[in-house]
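Okay, here's what each chain looks like letter by letter:
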Amino acid sequence: MRENLHRFFRAARGVGVHVSPAESIDAMRAVAQVGISDRTILRDTLLLTLAKSQDEKLALGDCFDLFFSQPERRQDQPEAGNDDASQDADQSPSSSSASESGEGQHPEALGPLAQMLLSQDRNAVAAAIASASGAASLSDIRYSTQRGIFSSRILDAMGLQRLRDDLDGLTATNPALAERLRAALDALREAVRDTVSQGLALYAREEAENLRNEILRNAPLARIERRQIAEMRALIRQIARRLRERYSKPRKRQRRGHLDVRRTLRRNAAWGGVPFLTAWKRKHRDRPKIVALCDVSGSVAQVSDFFLLLVHSLHEVVDDVRSFAFSSHLIEVSDILEAKSPEEAMAEIMSKVGFGSSDYGSSLADFEKQFMSALTPQTTVIVLGDARSNNLDPRADVLRRISERSKRLVWLNPEGRLAWGFGDSEMPRYATFCTVVRQCATAQQLERAVSDIVAIYR
Amino acid sequence: MADQKASTAIEAVESGLAAQGYIASRQIATAVYLAQQIDKPILVEGPAGVGKTELAKAIAAWRGMKMIRLQCYEGLDEAKALYEWKYAKQLLYTQILKDKLGEVLGGAQTLHAALDQLHDFGDVFFSKEFVEPRPLLQALEQPGGCVLLIDEIDKSDAEFESLLLEILSDFQVTIPELGTVSAITPPTVILTSNSERDLGDALKRRCLHLHIGFPEQRLEERIVESRVPGISQTLRRQMVGFIHEIRSLDLKKLPSVSETIDWARVLVLLQAMELDSETVKDTLNVLLKYEADIEAAAPQVTTFIAKAARSNVFG
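Residues numbered from 1 in each chain as written. Chains lettered and ligands numbered in written order. Predicted model: local features only at pLDDT ≥ 70, side-chain atom pairs only at ≥ 80, totals over all residues. Heavy atoms only, no water.

**Student:** Would you explain the overall build of chain B in this entry?
**Tutor:** A tally of helices and strands in chain B yields 15 helices and nine strands. Taken across its 315 residues, chain B has 45% of its residues classed as buried. Sequence-distant contacts in chain B: of pairs separated by 6 or more residues, those separated by 24 or more amount to 75%. For chain B, the computed accessible surface area is about 15000 Å², with 52% contributed by carbon and sulfur atoms. (Helix = DSSP H or I, 4+ residues; strand = E, 2+ residues; numbered from the N terminus. Buried < 20%, exposed > 50% of the residue type's maximum accessible area, 1.4 Å probe, protein only. Contact = heavy atoms within 4.5 Å. Areas by Shrake-Rupley, 256 points an atom, 1.4 Å probe, with all protein chains shown as cover.)

Put into structure tokens, the structure is as follows:
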């Protein structure tokens, strides 16, 4: 059972439940208390000790059901008693090699696997598959491309070679029986294939997911295929969550404020209240202020989707964020982002200002006219956009004033550096007024950029 | 054999809690059993009003132990949760002893000797005498053990969480001036959270994680039965069925078990024998706490009553 539990922990990691060694020890201790014979109690116990959130509980519950729907390996009791021939099928495929082709009519003369298949004992076959998949270490399976190799490994371990010999022998002597055996072998292949698929579902999810995420992370946002968008969203949300976890912790280095009389007295009680040691109240540091301007025009529509998602998460990380979206004109979208779920908010913003042709000049002018007061010397301004203004007046002068009023101006551009300045790109002109200009075309670059922005406030 | 014992022990927990009027699902009972067996706190999460706090009360009543409650809020700190020096008392004592100081030091010939004597003296001020135990320290000091309820941990700051870690894993607290205070009997710790804030991994790791959601219909009926004895069986079924229908709506705040119980009490007070749309509409404000929710639910009332009645026929 111990080993079984360890395999279950691996399967649990596969479905994304984080199982650290310490947690697995806890789970072991708990299982030792409740025993393993009662499945429902065991399930509850593992869910209680391993899962750390409701989502994890659901995933782990499914994983448990899938895992324990497999027959257990009968390693602890090598001789089950009723059908010992099936048990040593994997060790000695050629042990009963007394059979000659002439005596092939009698099933007794066949190899153990053939006998088992002909006897149609489904439990024995299932147990044999389970023990063979153990021998073939099915839990090492990682990628779907490995299906074939694991299937044949399991079949080999069950004694396929001997079965083939039997089949050859039988075709000559007893074609009817050979036909039956062949059908049974096909069924067996299918069963093994199912087992391997199940093993893949159990053990390989983590690796496959990591690989896919890694690819997605580095894929250009603008060229994401439709079917990947949902996954990309999930990934961005994951990034946002990580950012939140990292930065929503209280800011550490706090500065000294007023004298804390209570604590001072307490500290100096032993000296009759003469204040040798002073205690100071702490003053909070400047709250981060961020103003985000997000281009949602047609040319960057797909990328801006992700930008907005990230801006949405910024609202969760940072206290004071104001966000604006623009294509031909600019509106404030802070309220929408704060009140609604990411999907709803994005749909609403896109319907209000999205998909137009971009006019940076008039959008910047809009901002200056209405929202210039939002900028203080503590503000970080982030502009997300490709700086393609359709050959309209870029109004770089407005950007200069924005830059002068704020602490930092960061421009994140989804296009590569090579494209800047070509065609209608006004990037070089804008760049002179920016504190930082970055290419930001993949999820990874997006994460780094935002992480840097938030980090300076710590 | 151990397995047999476990399942009967879990049933014992269930019936023990039931005797206190707390109808626990099997998962809850398993969690309580395990918490006791492997000395781990239980972190209970779930929507408001499903009986997270009640669970702690029920465990305390069942085991006949004292319950110590620590309500968390933003800004809760060491001094309010763990211990505080009685600095007023310290100050007072210093004032009183000031006059005696001359006598104490009188015997000392050199500055060095005086310092030595003063040193002994100073240590007295940071002894157990002057410590004011707050809930967490109190819980450790209970000789017979206790149930420690740390309520709404998600309301506290992340710093406070780290403060708890030592208590949760080792049932001990380190007071810099005094040393480590270990629990005489490890308390049964229940933490509750409404998931307003994500708790840290370190905290979660130290706890069994129990999620209490809205109960299933049968379970909720049993809860109503035990909490509101005067209610008729038909009405109980109908109202619980009705509430389950309500929970399928997209509301700001779904009615939880505490609202179910309140509603049952109200219906008993009104001497209702059956659900009818008139009574329901009049008492909907017991179930739903937002005007918008009531408006959303009101047109559905008749359909829901019919559905609840129908489901009873088959259920």
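Additional details are given in the paragraphs that follow.
**Student:** Sorry if this is basic, but what is going on with the overall build of chain A here?
**Tutor:** A count of helices and strands for chain A gives 20 helices and eight strands. The contacts in chain A between residues at least 6 apart in sequence include a share of 73% that link residues at least 24 apart. Counting every atom, chain A has about 22200 Å² of accessible surface; 50% of that belongs to carbon and sulfur.

**Student:** What is the right way to read the side chain of Ser323(A) from this model?
**Tutor:** Residue and element names in this part refer to chain A. Checked against the element boundaries, Ser323 lands in strand 4 (residues 320-326). Judged by relative accessible area, Ser323 falls into the buried class, the value being 2%. Among all residues touching Ser323, those that are not within four sequence positions of it are Ala292, Val311, His315, Ile331, Glu332, Val333, Ser334 and Leu337.

**Student:** I'm lost on the interface of chain A and chain B in this one. Help?
**Tutor:** The figure often quoted for interface size is the accessible area lost as the parts come together. Contacts between the two partners involve 33 residues from chain A and, on the opposite side, 31 residues from chain B. Carbon and sulfur atoms supply 59% of the area that chain A and chain B bury against each other, a total of about 3000 Å² over both sides. Connecting chain A to chain B are five salt bridges. Among the ionic pairs, Arg26(B) bridges to Asp44(A), the shortest N-O distance being 2.7 Å. Taken together, chain A and chain B are joined by twelve residue pairs in polar contact (both at pLDDT 80 or more). When residues of the side of chain A that touches chain B are traced back to their parent elements, those giving at least two are helix 2 (21-34), helix 3 (39-50), helix 4 (54-69) and helix 13 (261-267) of chain A. (Buried area = accessible area lost by both parts, 1.4 Å probe. Salt bridge = Lys/Arg side-chain N within 4 Å of Asp/Glu carboxyl O. Polar contact = N/O pair within 3.5 Å; in protein donor to acceptor, adjacent residues only side chain to side chain.)

**Student:** Mind showing me how you'd approach the pairing of strand 6 (residues 172-175) of chain B here?
**Tutor:** The side chains of a regular strand alternate between both faces of the sheet. All names here are of chain B. Of the two faces of strand 6, the one holding Val173 and Ile175 is buried and the one holding Gln172 and Thr174 is not buried anywhere. Strand direction decides the pairing type here: strand 6 and strand 7 (residues 179-182), joined by four bridges, are antiparallel. Of the residues in strand 7, the one forming a bridge with Thr174 is Thr180. Counting the residues between successive antiparallel strands, the hairpin from strand 6 to strand 7 contains three residues. (Pairing = 2+ DSSP bridges.)

**Student:** What am I meant to see in the environment of Ala51(A) here?
**Tutor:** Along the chain, Ala51(A) turns up in the loop between helix 3 and helix 4. Considering only alpha carbons, one finds Ala51(A) and Gly61(A), ten residues apart in sequence, at a separation of 9.3 Å. Not counting the four nearest positions on each side in its chain, Ala51(A) is found in contact with Val17(A), Leu46(A), Glu56(A), Lys57(A), Leu60(A) and His209(B).

**Student:** Hey, could you run me through the packing of helix 2 of chain A against helix 3 of chain A in this one?
**Tutor:** Two numbers describe a pair of packed helices, the interaxial angle and the distance between the axes. Residue and element names in this part refer to chain A. Running from N to C, helix 2 and helix 3 cross one another at 150°; their axes reach a closest spacing of 9 Å. When the axes of helix 2 and helix 3 are compared, the pair comes out roughly antiparallel. As helix 2 runs across helix 3, the sense of the crossing is right-handed. Contacts from Glu23, Asp26, Ala27, Ala30, Val31 and Val34 of helix 2 reach helix 3 at Ile41, Leu42, Thr45, Leu46, Thr49 and Leu50. Class assignment for the residues of the contact of helix 2 with helix 3 results in eight nonpolar, two polar and two charged. (Axes fitted to C-alpha atoms, helices over the stretch in contact; angles between N-to-C directions. Parallel < 35°, antiparallel > 145°, perpendicular 65-115°, else oblique. Left-handed = near helix turned anticlockwise from the far one by under 90°. Nonpolar A, V, L, I, M, F, W, Y, C, P; charged D, E, K, R; others polar.)

**Student:** Looking at this structure, I do not really get the sheet that holds strand 4 of chain A. What am I missing?
**Tutor:** Strand pairing in a sheet takes place through backbone hydrogen bonds and is either antiparallel or parallel in direction. Residues and elements named next belong to chain A. Strand order in the open sheet made by the six strands is 5-4-3-6-7-8, with mixed pairing throughout. Where the open sheet ends on each side, the last strands, each with one partner, are strand 5 (330-332) and strand 8 (436-439). Averaged over all pairs of adjacent strands, the angle between strand axes in this sheet comes to 20°, irrespective of strand direction.

**Student:** Hey, could you run me through the nonpolar core in this one?
**Tutor:** Where a protein is soluble and globular, its nonpolar side chains tend to be buried together. If you look at the biggest cluster of nonpolar residues, it comprises 65 residues, and the most contacted ones within it are Leu17(B), Leu55(B), Leu210(B), Phe242(B), Trp263(B) and Leu284(B). Counting residues per element, this core draws most heavily on helix 2 (residues 26-37) of chain B, which supplies seven residues. Sequence-distant contacts of Leu17(B), that is, excluding residues within four places in its chain, are made with Tyr22(B), Ala24(B), Val32(B), Leu55(B), Ala58(B), Ile59(B) and Trp62(B). Membership of the second largest hydrophobic core comes to 56 residues, among which are Ala11(A), Val17(A), Ala114(A) and Leu181(A). (Core = buried A, V, L, I, M, F, W, Y, C linked by side-chain atoms within 4.5 Å.)

**Student:** Which parts of the structure should I look at to understand the packing of aromatic side chains?
**Tutor:** Two aromatic rings, taken as a pair, are described by how far apart their centres are and by the angle between their planes. Residue and element names in this part refer to chain A. Evaluated as defined, the whole model comprises 16 aromatic pairs over all chains. Considering the side-chain rings of Phe8 and Phe64, the 5.8 Å spacing of their centres and the 80° angle between planes classify their relative orientation as edge-to-face. Highlighted residues: Phe8 in helix 1 (residues 2-14) and Phe64 in helix 4, separated in sequence by 56 residues. You'll find Phe8 and Phe64 in the same group, each marked buried. Measuring from ring centre to ring centre gives 5.1 Å for Phe324 and Phe367, while their planes differ by 85°; the resulting arrangement is edge-to-face. Note that Phe324 is positioned in strand 4 and Phe367 in helix 17 (residues 360-371), a separation of 43 residues in sequence. (Phe/Tyr/Trp six-rings, centres within 6.5 Å; stacked < 30°, edge-to-face > 60°.)

**Student:** Mind showing me how you'd approach helix 16 (residues 342-353) of chain A here?
**Tutor:** Side chains that are three or four residues apart share a direction in an α-helix, a result of its 3.6 residues per turn. All names here are of chain A. Its twelve residues give helix 16 an end-to-end C-alpha distance of 16 Å, which sits within 8% of 16 Å, the value for a rise of 1.5 Å per residue. Taken residue by residue, helix 16 has Pro342, Ala345, Met346, Ile349, Met350 and Val353 as its buried positions. Axial view of helix 16: buried residues confined to an arc of 130°, hence all on one face. Positive backbone phi, at 65°, marks Phe355, one or two positions downstream of helix 16. (Expected span 1.5 Å × (residues − 1). Arc of directions from axis to C-beta.)

**Student:** Even after reading the chapter, I still don't get a nonpolar patch on the surface, so can you show me in this structure?
**Tutor:** Residue and element names in this part refer to chain A. Among the surface-exposed residues, Leu259, Val261, Leu265 and Trp280 lie close enough to one another that they form a single nonpolar patch of about 320 Å² accessible area. By the secondary structure assignment, Val261 is in helix 13. You can call Val261 exposed: its relative accessible area is 52%. (Patch = residues over 30% accessible without salt bridge, like charges linked within 9 Å, V, L, I, M, F, W, Y side chains within 5 Å.)

**Student:** Which parts of the structure should I look at to understand the sheet that holds strand 8 (residues 188-193) of chain B?
**Tutor:** All names here are of chain B. A sheet is described by the order of its strands in space; here five strands give the open sequence 2-5-8-1-9, paired in parallel fashion. Of all the strands in the sheet, the pair left with one neighbour each is strand 2 (66-71) and strand 9 (208-211). In this sheet, adjacent strand axes meet at a mean angle of 20° when their direction is disregarded. Relative to strand 9, strand 1 (residues 42-45) runs parallel, the two sharing four bridges. For Val44, the partnering residue across the bridge sits in strand 9 and is Leu210.

**Student:** I would appreciate a short explanation of the packing of helix 7 (residues 122-135) of chain A against helix 8 (residues 147-158) of chain A in the present structure.
**Tutor:** All names here are of chain A. Two numbers describe how helix 7 lies on helix 8: the axes approach to 8 Å, and their chain directions differ by 115°. Between helix 7 and helix 8 lies a crossing of right-handed hand. Each of Val125, Ala128, Ile129, Ala132, Ser133 and Ala135 in helix 7 lies in contact with helix 8, whose residues at this interface are Ile154, Ala157 and Met158. By residue class, the composition of the contact of helix 7 with helix 8 is eight nonpolar, one polar and no charged.

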